[in-house]
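Coordinate analysis (summary)
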Amino acid sequence: MTRSLPVEQASRRRTLLAVADARSLDGHTIMSLGHQENAVLLPNAEALVQWLAADQRSFVLLSAADSCLPSLAIAIQQHERCLGALLLSPGGDLAHARLLPFPSLTVCHPPQAHRPRLTSTVAFASSWGSRLHTLHGSGESALGELRLLLHALQRQAEGWPLGDI
């Protein structure tokens, strides 16, 4: 059985929200991905609250580093509207991480001296019930890999199987 969703119908139902501090390396990466994917770019969780109050569409969340926990706390409050989350190298207090009520994909960089979050990223993914993916590339290659992961998450949010990511 073949299913298809018209592109216009799917885009009216949901939007992509990127919440990150672009001054951090991972925040800049998420904002670059959001920009390329025509996401609404938000600098922090407070801006996310304002956007959600003004717009009633469903959304897929992109977030990175220390923006992940505050953004997820808000997304959990709006769980009936949040269709999924892609989280890059999350930071913060693991004690606040709980099982997410929507599909999520937690992404980390391979172990490197300037990217020390591998262990905490694995712990967050486990607490959230999130799929875990380790990036293979860096720079533009990592951005392309994140784009493919985002598209897979969006397909899952629209009811398509996640497949191998």
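The structure under discussion appears in the preceding block.
**Notes on helix H6 (residues 140-157)**
Turn by turn, an α-helix covers 3.6 residues, leaving residues three or four places apart pointing in a common direction. With 18 residues, H6 extends 25 Å between its outermost C-alpha atoms, agreeing within 8% with the 26 Å of an ideal straight helix rising 1.5 Å per residue. Within the span of H6, buried status applies to Ala142, Leu143, Glu145, Leu146, Leu149, Leu150, Ala152, Leu153, Gln154 and Ala157. The inward-facing, buried residues of H6 abut strand S1 (14-19), helix H2 (25-36), strand S3 (58-64), strand S4 (82-88), strand S5 (104-108) and strand S6 (131-134). Two residues or fewer after H6 comes Gly159, characterised by a positive phi angle close to 95°.

**A word on the packing of aromatic side chains**
For the coordinates displayed, the defined rule picks out 1 aromatic pair. Judged by centre distance (5.0 Å) and plane angle (25°), the rings of Phe124 and Trp128 are stacked. Of this pair, Phe124 and Trp128 both sit in helix H5 (residues 118-128), 4 residues apart, roughly one helical turn. No difference in accessibility class separates Phe124 from Trp128, as the two residues are buried.

**Brief notes about the side chain of Ser71**
Turning to its location among the elements, Ser71 is positioned in helix H4 (residues 68-77). In this view, Ser71 contacts Val19, Ala45, Leu48, Leu61 and Ser63; residues no more than four positions away in its chain are not counted.

**Here we look at the environment of Glu140**
By the secondary structure assignment, Glu140 is in helix H6. With 111 residues separating them in the primary sequence, Glu140 and Thr29 have C-alpha atoms 9.3 Å apart.

**Considering unusual backbone geometry**
At Asn38, a position not held by glycine, the phi torsion is positive, near 60°. Among the secondary structure elements, Asn38 is positioned in the loop between H2 and strand S2 (40-42). Even without being glycine, Ser89 reaches a positive phi, approximately 45°. Position of Ser89 among the secondary structure elements: in the loop between S4 and S5.

Calculation notes
- Residues numbered from 1 in each chain as written.
- Predicted model: local features only at pLDDT ≥ 70, side-chain atom pairs only at ≥ 80, totals over all residues.
- Heavy atoms only, no water.
- Helix = DSSP H or I, 4+ residues; strand = E, 2+ residues; numbered from the N terminus.
- Expected span 1.5 Å × (residues − 1).
- Buried < 20%, exposed > 50% of the residue type's maximum accessible area, 1.4 Å probe, protein only.
- Contact = heavy atoms within 4.5 Å.
- Phe/Tyr/Trp six-rings, centres within 6.5 Å; stacked < 30°, edge-to-face > 60°.

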